[in-house]
Amino acid sequence: MKQCLAIIGHLGSALLLLGRSLRFTGTLLRQFPRFVEQCYLIGYTSLPIVTILLFFIGSVLALQSGYSMENFGAKQFIGTLVGLSTVRELGPVMVAILIAGRVGSAITAELASMKVYQEIDALITMNIPPERMLVLPRLAAIIVMMPVLTLIGILCGWFGGALTCQYTHSISIDSEVYFTALKQFMKNRDVADGLIKAEIFGFVIVLICCHLGLSTRGGPREIGASVTRAVVTSLIFILVLDFFVTKGLLLVP
Amino acid sequence: MSANFTASPFVGKTFGVTVEHLCKSYGESAVLHDVSFEVRPGEIYAIMGPSGSGKSVLLKQIAGLETPTSGSARIGNFDAADPATRNQVRLALVFQAGALFNSLSVYDNLALYPREHRLCDEAGIRDRVMHALHILSLEKSAGKLPAELSGGMKKRVAIARALVMEPQLLLYDEPTSELDPVMSATLSEIIATLREQTAVTSIVVTHDSNLALSIADRISILMDGRLRATGKAAEFKNHSDPVIANFLNPVIDLQNPRFKQLEQSHE
Ligand SMILES: Nc1ncnc2c1ncn2[C@@H]1O[C@H](COP(=O)(O)OP(=O)(O)O)[C@@H](O)[C@H]1O
Ligand SMILES: [Mg+2]
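The following paragraphs examine the structure supplied in this document. As the structure is a prediction and not an experimental result, all values here were calculated from the model.

## A look at the site of ligand 1
Residues and elements named next belong to chain B.
Right, on to step 1. Neighbouring residues of ligand 1: Tyr26, Val31, Pro50, Ser51, Gly52, Ser53, Gly54, Lys55, Ser56 and Val57.
Right, on to step 2. A distance of 3.0 Å separates an oxygen atom of ligand 1 from a polar atom in the backbone of Gly54.
Right, on to step 3. With respect to ligand 1, the backbone of Lys55 contributes an N or O atom lying 2.8 Å from an oxygen atom.
Right, on to step 4. Contact with the protein chains hides 60% of the accessible area of ligand 1, taken as 560 Å² for the molecule alone.

Below is the structure:
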């Protein structure tokens with residue numbers, strides 16, 4: 001019961017934080033260097049690991065579906081399966097999990113240490129709202145970078161699947177067949193759904209991580225505790241939101 | 001936001017500070033009990049007291065970083081706890097531990113305030129920052145990161161950062177605690193000169209009785225969260241209260257050491 005109240009309290013203050021940050025949207029243009037810096041930290045530095053991860057997820061997916069679809073003699077549809085599951089599900093979710101672990105933890109650690117060492121207090125006495133200088137550029141950067149990262153990840157997944165199909169002896173599906181099957185059942189709508197999901201996940205992760213970083217209290221030990229809490233909370237939110245957002249998107253005609 | 005402030009250096013009103021029946025507790029533990037005092041505009045006011053007596057907590061209430069449990073702190077006619085007050089009063093707080101921005105160089109630490117509030121162009125900012133660094137003999141450290149500085153240098157950067165803000169109310173939390181004697185004397189001179197030039201109100205929390213007695217107009221002694229005495233600096237040179245006299249001028253007595261007295265009082 002107490003924990004439920006605490007969770008609701010955190011949700012409320014995260015939303016308040018969002019509200020306070022959005023009030024400064026007008027200052028984004030003059031904070032452009034900060035925004036670019038965050039885009040670099042969030043997007044560019046995550047790129048290698050996103051490509052490698054999704055490449056192998058596509059490959060494994062191809063292997064597994066090759067094994068199971070053999071039974072139906074439906075091997076020529078592996079492309080459809082790999083393509084759709086990467087776009088609609090694995091691409092956005094895997095990129096989000098990566099962002100939670102890599103970027104979310106870094107955000108919480110940085111803001112929590114600023115809080116513990118009174119840098120946030122210093123900003124407040126200097127009448128520089130931390131929401132404007134610290135939260136807003138990060139939110140803007142994730143909005144821009146999340147679809148880009150996800151799209152690149154999805155392409156790598158497709159590509160990994162294609163290579164696996166072509167060069168695995170037991171599957172031996174030519175990549176031309178693979179991509180024809182992939183294209184045949186892929187609608188623009190599927191890509192849009194995937195990107196919308198990614199966008200929601202990324203935004204929620206950054207908001208949660210900023211909030212938990214800024215609400216850190218106590219000494220240096222709390223920084224570690226906050227980071228753990230931020231990553232775990234982000235992962236839970238990703239998986240729970242995944243279900244509801246998917247359900248919601250499927251309802252939209 | 002910044003429009004309320006004049007961009008030209010050292011101009012503007014100053015504000016007095018009124019603390020009335022202020023109490024502050026964290027959960028069960030009460031730190032400040034019914035503290036009241038008044039700092040007049042343009043005054044240098046020293047708050048002294050043993051460590052742990054609640055001096056930093058008191059400054060946090062005045063700076064509006066925390067809200068008092070009861071009672072109030074006011075800056076001029078504005079409630080210190082109200083965030084809107086910061087748009088009316090330019091306040092600088094020199095934190096006890098410096099609170100420098102660890103990801104920014106010393107120069108950028110100082111330049112942050114004028115940049116964020118767009119007080120002047122980069123050349124003007126450079127002048128201001130270099131001037132502040134010069135006063136505290138820090139020019140050579142301008143490009144360094146806070147992690148590369150000693151404790152005393154961090155403290156000086158924190159003071160320089162406050163000077164760049166050209167504040168109307170300056171709060172120092174133990175500004176000389178990590179400085180060498182010459183730098184402490186320099187700082188006393190800076191605080192006094194600044195007041196002459198800009199009439200800024202300064203509240204100095206300090207253990208340094210030399211600083212307090214030589215530049216403060218008035219002094220308050222805070223002990224265990226209560227004000228024990230308030231008065232003109234001259235009154236404290238030979239104070240009648242033995243506890244205060246002992247605090248301001250602790251004579252080292254090897255015949256009858258203090259820790260022995262404490263041991264006996266426990267038996
Ligand atoms: N955030 C806090 N939570 C609980 N207790 C605190 C907090 N801040 C300060 N205190 C307590 O208040 C007392 C006074 O602290 P402080 O004002 O830092 O002393 P000093 O006079 O040395 O600056 C100490 O006993 C300290 O334990
Ligand atoms: Mg203190």
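## Overview of helix 3 (residues 47–69) of chain A
Right, on to step 1. With 23 residues, helix 3 of chain A extends 32 Å between its outermost C-alpha atoms, agreeing within 8% with the 33 Å of an ideal straight helix rising 1.5 Å per residue.
Right, on to step 2. Considered for burial, the residues of helix 3 of chain A that qualify are Val50, Leu54, Ile57, Gly58, Ser59, Leu61, Ala62, Ser65, Gly66 and Met69 of chain A.

## A word on the side chain of Thr176 of chain B
Residues and elements named next belong to chain B.
Right, on to step 1. Turning to its location among the elements, Thr176 is positioned in the loop between strand 7 (169–173) and helix 5 (181–198).
Right, on to step 2. On the basis of relative accessibility, which here comes to 7%, the residue Thr176 falls in the buried class.
Right, on to step 3. Among the polar contacts listed, one links the side chain of Thr176 to the side chain of Asp208, at a separation of 3.2 Å.
Right, on to step 4. Residues contacting Thr176, with those up to four places away along its chain left out, are Ser184, Leu187, Thr206, Asp208 and Leu211.

## Let's talk about the packing of aromatic side chains
Right, on to step 1. With the rule as written, the count across this model stands at nine aromatic pairs over all chains.
Right, on to step 2. For the pair Phe55 of chain A and Phe159 of chain A, a centre-to-centre distance of 6.4 Å together with 55 degrees between the ring planes defines the contact as tilted. Of this pair, Phe55 of chain A sits in helix 3 while Phe159 of chain A sits in helix 6 (residues 130–167), and the two are 104 residues apart along the sequence.
Right, on to step 3. Judged by its relative accessible area of 23%, Phe55 of chain A is partly exposed.
Right, on to step 4. Aromatic side chains Phe37 of chain B and Tyr45 of chain B sit 5.3 Å apart centroid to centroid with 15 degrees between the ring planes, which places their arrangement in the stacked category. We note that Phe37 of chain B, like Tyr45 of chain B, is buried.
Right, on to step 5. A network of ring pairs unites the aromatic residues Phe55, Phe56 and Phe159 of chain A as a single cluster.

## Quick look at the coordination of the magnesium ion (ligand 2)
Between any two of four tetrahedral donors, the ideal angle at the metal is 109.5 degrees; between two of six octahedral donors, it is 90 or 180 degrees.
Right, on to step 1. Around the magnesium ion (ligand 2), the protein contributes the donor atoms Ser56 of chain B (OG) and Gln96 of chain B (OE1), which lie 2.0 to 2.3 Å from the metal centre. With Ser56 of chain B in helix 1 (residues 55–63) and Gln96 of chain B in the loop between strand 6 (91–94) and helix 2 (106–116), the pair connects residues that are 40 residues apart, well separated along the chain.

## A look at the interface of chain B and chain A
Right, on to step 1. Taken together, the 21 residues of chain B in the interface contact 16 residues of chain A.
Right, on to step 2. Both sides together, the interface formed by chain B and chain A hides about 1800 Å², and carbon and sulfur atoms give 58% of it.
Right, on to step 3. Taken as a group, Arg86, Phe101 and Glu116 of chain B account for 31% of the area that chain B buries against chain A, more than any other trio of residues on that side.
Right, on to step 4. A salt bridge links Arg132 of chain A to Glu116 of chain B, with the nearest nitrogen and oxygen atoms 2.8 Å apart.
Right, on to step 5. Summed over the shared surface of chain B and chain A, the number is nine residue pairs in polar contact (both at pLDDT 80 or more).
Right, on to step 6. Secondary-structure elements contributing two or more residues to the side of chain B that touches chain A are helix 1, strand 6 and helix 2 of chain B.
Right, on to step 7. By residue number, the principal contributor to the side of chain B that touches chain A is helix 2 of chain B, which donates four residues.
Right, on to step 8. Per-class residue counts for the side of chain B that touches chain A are 12 nonpolar, three polar and six charged.

## Quick notes on the sheet that holds strand 7 of chain B
All names here are of chain B.
Right, on to step 1. One open sheet accounts for six strands, arranged 6-7-8-3-9-10; its pairing is mixed. Each end of this open sheet is capped by a strand with a single partner; those strands are strand 6 and strand 10 (226–232). The average angle at which neighbouring strand axes cross in this sheet is 15 degrees, direction not considered.
Right, on to step 2. As defined by bridge partners, strand 7 adjoins strand 8 (residues 201–205) across five bridges and the pair is classed as parallel. The residue bridging Asp173 from the neighbouring strand is Val205, located in strand 8.
Right, on to step 3. Helix 1 contacts strand 3 (44–48), strand 6, strand 7, strand 8 and strand 9 (218–223) of the sheet and is inclined by roughly 160 degrees relative to strand 7.

## So, the environment of Gln255 of chain B
Residues and elements named next belong to chain B.
Right, on to step 1. Relative to the assigned elements, Gln255 resides in the loop between helix 7 (242–248) and helix 8 (258–266).
Right, on to step 2. With relative accessibility at 74%, the residue Gln255 sits in the exposed group.
Right, on to step 3. In this structure, the C-alpha to C-alpha distance between Gln255 and Ala192, residues 63 residues apart in sequence, is 40 Å.

## Description of empty space enclosed by the protein
Right, on to step 1. As enumerated under the stated definition, the model contains four cavities of 30 Å³ or more in all.
Right, on to step 2. Its volume calculated, the second largest cavity comes out at about 70 Å³.
Right, on to step 3. Lining the second largest cavity, in full, are Ala122, Thr125 and Met126 of chain A together with Ala92, Leu93, Val94, Phe95, Gly98, Ala158, Arg161, Ala162 and Met165 of chain B.
Right, on to step 4. Counting only elements with at least two residues in the lining of the second largest cavity, the list comes to helix 5 (119–125) of chain A together with strand 6 and helix 4 (151–164) of chain B.
Right, on to step 5. Each residue belonging to the lining of the second largest cavity can be placed in one class, and the counts come to nine nonpolar, two polar and one charged.

## Focus: the pairing of strand 2 (residues 29–39) of chain B
Residue and element names in this part refer to chain B.
Right, on to step 1. Across seven bridges, strand 1 (residues 17–26) lies against strand 2 in antiparallel orientation. Looking at the pairing, Leu22 lines up with Val35 of strand 2.
Right, on to step 2. Connecting strand 1 to the antiparallel partner strand 2 that follows it, the hairpin turn spans two residues, and Gly27 within it adopts a positive phi of roughly 60 degrees.

Calculation rules
Residues numbered from 1 in each chain as written. Chains lettered and ligands numbered in written order. Predicted model: local features only at pLDDT ≥ 70, side-chain atom pairs only at ≥ 80, totals over all residues. Heavy atoms only, no water. Near = heavy atom within 4 Å. Polar contact = N/O pair within 3.5 Å; in protein donor to acceptor, adjacent residues only side chain to side chain. Areas by Shrake-Rupley, 256 points an atom, 1.4 Å probe, with all protein chains shown as cover. Helix = DSSP H or I, 4+ residues; strand = E, 2+ residues; numbered from the N terminus. Expected span 1.5 Å × (residues − 1). Buried < 20%, exposed > 50% of the residue type's maximum accessible area, 1.4 Å probe, protein only. Contact = heavy atoms within 4.5 Å. Phe/Tyr/Trp six-rings, centres within 6.5 Å; stacked < 30°, edge-to-face > 60°. Donors = N, O, S within 2.8 Å, 3.2 Å for Na, K, Ca; no water. Buried area = accessible area lost by both parts, 1.4 Å probe. Salt bridge = Lys/Arg side-chain N within 4 Å of Asp/Glu carboxyl O. Nonpolar A, V, L, I, M, F, W, Y, C, P; charged D, E, K, R; others polar. Pairing = 2+ DSSP bridges. Axes fitted to C-alpha atoms, helices over the stretch in contact; angles between N-to-C directions. 1 Å grid on protein atoms, 1.4 Å probe; cavity = no way out; pocket = protein on both sides within 12 Å on 5 of 7 lines; lining within 4 Å. Points joined across faces, edges and corners; volume = space filled by probe spheres on them.

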